[in-house]
Amino acid sequence: MAFDDALDGFLAYLKANRGLSANTLKAYRSDLGACLDWLAAHDCGELPAITTDDLREWMAEASRTHARSSMARKVVAMRGFFAWAHERNLMPADPAAVLLTPKIPNTLPAVLTEAQAERLMDDTDARRDDDPAKEAIDLRDAAIMETLYATGIRVAELVGLDIADVDFSNRTLKVTGKGNKQRVVPFGAPAAAALNAWLERGRPQVLAAAGERALFLGARGKRIDQRVVRGIVHRLAREAGVPDVSPHALRHSAATHLLDGGADLREVQEMLGHSSLKTTQRYTHVSIEQLKSRYAQAFPRA
């Protein structure tokens, strides 16, 4: 690609100065690569030749096949890249400086009700198989579900957990989040029981090598993949007869149920690892919507 060196330089800068995760860097490479490929195919073979009109033309074409949220992410990536290139004198001006990020509709996150979440956890915990290998996977899946719901951590944070990150005496996890920021997150008795069962009876059955530090393992005994975790959550939700949810929806559900139970907004912000309280405040709107729904169902003069 015509812009390989510049792209590699920008990603190296992000890794060194922003502490971005491998997954975020991969997303940057994909978004930027697609745009730069398009520019190269439209007679923009060098950075100094790229204009604001070129970028607007790319945005117009890309927006036909991508959601607004995807376009917003792509535009943010392009603005960062061209600002970096301009600062390093790779181009005389920054053509992306005047680009506006597409507005994203402020949709409320999907959540399970507390009853649905309880049904999902109970159904998952009840699964046991006579085959030791299958039982080990059931124990792992139950521990994954309980941990996701109990802590509200992201799926990338879950798969990054090591055994040493679990403190049973204090019932806490040491979680490494975005930007390699660490936080301590509490968990309750059901998650503690599920994790203990997985570590004592399940994990030894799956472990491939004695030196593996990962808390959760895949079928081959190595650290589990995010894609596998997502598949587990979707499958167990379907089998429990609750609305289809993703790991991120379990995170939304945990936050909403904490606020419903009277948790302080800033405590939930710290638990979820949100850098901005504004992000956490979205869950107060979900709680209000659920309250209105329950009111409408229960109150005779609603």
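Our structure is the block above this text.
So, a few notes on the structure that sits alongside this text. (Residues numbered from 1 in each chain as written. Predicted model: local features only at pLDDT ≥ 70, side-chain atom pairs only at ≥ 80, totals over all residues. Heavy atoms only, no water.)

Focus on the packing of aromatic side chains
Okay, so step 1: With the rule as written, the count across this model stands at eight aromatic pairs.
Okay, so step 2: Their ring planes at 65 degrees and their centres at 6.2 Å tell us that Phe10 and Tyr28 sit as a pair that is edge-to-face. Here the residue Phe10 occupies a position in helix H1 (residues 4–18), and Tyr28 occupies one in helix H2 (residues 22–41), the gap between them amounting to 18 residues. An identical accessibility class is assigned to Phe10 and Tyr28; each is buried.
Okay, so step 3: Plain terms: the ring middles of Phe81 and Phe82 are 5.1 Å apart, the flat faces sit at 75 degrees to each other, and that makes the pair edge-to-face.
Okay, so step 4: Among the aromatic residues, ring-to-ring pairing joins Phe10, Tyr13, Tyr28, Phe81, Phe82 and Trp84 into one connected group.
Okay, so step 5: Lying across the ring of Tyr13, Arg88 places its NZ or CZ 4.9 Å from the centre. (Phe/Tyr/Trp six-rings, centres within 6.5 Å; stacked < 30°, edge-to-face > 60°. Helix = DSSP H or I, 4+ residues; strand = E, 2+ residues; numbered from the N terminus. Buried < 20%, exposed > 50% of the residue type's maximum accessible area, 1.4 Å probe, protein only. Lys NZ or Arg CZ within 6 Å of the ring centre and 35° of its normal.)

Here we look at the side chain of Arg140
Okay, so step 1: Mapped onto the elements of the fold, Arg140 is located in helix H6 (residues 132–151).
Okay, so step 2: The contact partners of Arg140, leaving out residues within four places of it in the chain, are Trp198, Phe216, Leu217, Gly218, Ala219, Ile224 and Ile232. (Contact = heavy atoms within 4.5 Å.)

Examining the packing of H2 against helix H3 (residues 52–62)
Okay, so step 1: Interhelical geometry of H2 versus H3 gives an angle of 115 degrees and a closest axis separation of 11 Å. In terms of crossing hand, the pair formed by H2 and H3 is right-handed. Residues Cys35, Trp38 and Leu39 of H2 lie in contact with H3, whose contacting residues are Asp54, Leu55, Glu57, Trp58 and Glu61. (Axes fitted to C-alpha atoms, helices over the stretch in contact; angles between N-to-C directions. Left-handed = near helix turned anticlockwise from the far one by under 90°.)

Some details on the pairing of strand S3 (residues 182–186)
Okay, so step 1: In S3, alternate side chains face the same way, and those of Arg183 and Val185 are buried while those of Gln182, Val184 and Pro186 on the opposite face are not.
Okay, so step 2: Counting the residues in the hairpin turn of strand S2 (residues 172–176) and S3 gives five residues, including Gly179, whose phi is positive at 70 degrees. (Pairing = 2+ DSSP bridges.)

Side note on helix H4 (residues 68–87)
Because the α-helix completes a turn every 3.6 residues, residues three or four places apart line up on one side.
Okay, so step 1: With 20 residues, H4 extends 28 Å between its outermost C-alpha atoms, agreeing within 8% with the 28 Å of an ideal straight helix rising 1.5 Å per residue.
Okay, so step 2: Burial in H4 covers these residues: Ser70, Met71, Ala72, Lys74, Val75, Ala77, Met78, Phe81, Phe82, Trp84 and Ala85.
Okay, so step 3: Looking at the packing, one finds that the buried side of H4 touches H1, H2 and H3.
Okay, so step 4: Following H4 by one or two positions, Asn89 has its phi on the positive side, about 60 degrees. (Expected span 1.5 Å × (residues − 1).)

Observations concerning the packing of H6 against helix H8 (residues 189–206)
Two measures define how a pair of helices packs: the angle their axes make with one another and the distance between the axes.
Okay, so step 1: Packing of H6 against H8 leaves a shortest axis separation of 8 Å and a crossing angle of 150 degrees. Once H6 is placed against H8, the crossing between them reads as left-handed. Of the residues in H8, those in contact with Pro132, Glu135, Ala136, Ile137, Leu139, Arg140, Ala142, Ala143, Glu146, Thr147 and Ala150 of H6 are Pro190, Ala191, Ala194, Leu195, Ala197, Trp198, Arg201, Gly202, Gln205 and Val206.

Focus on the environment of His234
Okay, so step 1: Secondary-structure assignment places His234 in helix H9 (residues 226–240).
Okay, so step 2: Setting aside chain neighbours within four positions, we find His234 in contact with Asp244, Val245 and Ser246.

Comments concerning the pattern of salt bridges
Okay, so step 1: Counted under the stated rule, the structure contains twelve salt bridges.
Okay, so step 2: Its salt-bridge partner being Arg88, residue Glu87 comes within 3.6 Å of it at the nearest N-O pair.
Okay, so step 3: Look at Arg88 and you get partly exposed, because its relative accessible area is 38%.
Okay, so step 4: Here the salt bridges share partners, and the residues they tie into one network are Arg140, Asp141, Arg235 and Glu239. (Salt bridge = Lys/Arg side-chain N within 4 Å of Asp/Glu carboxyl O.)

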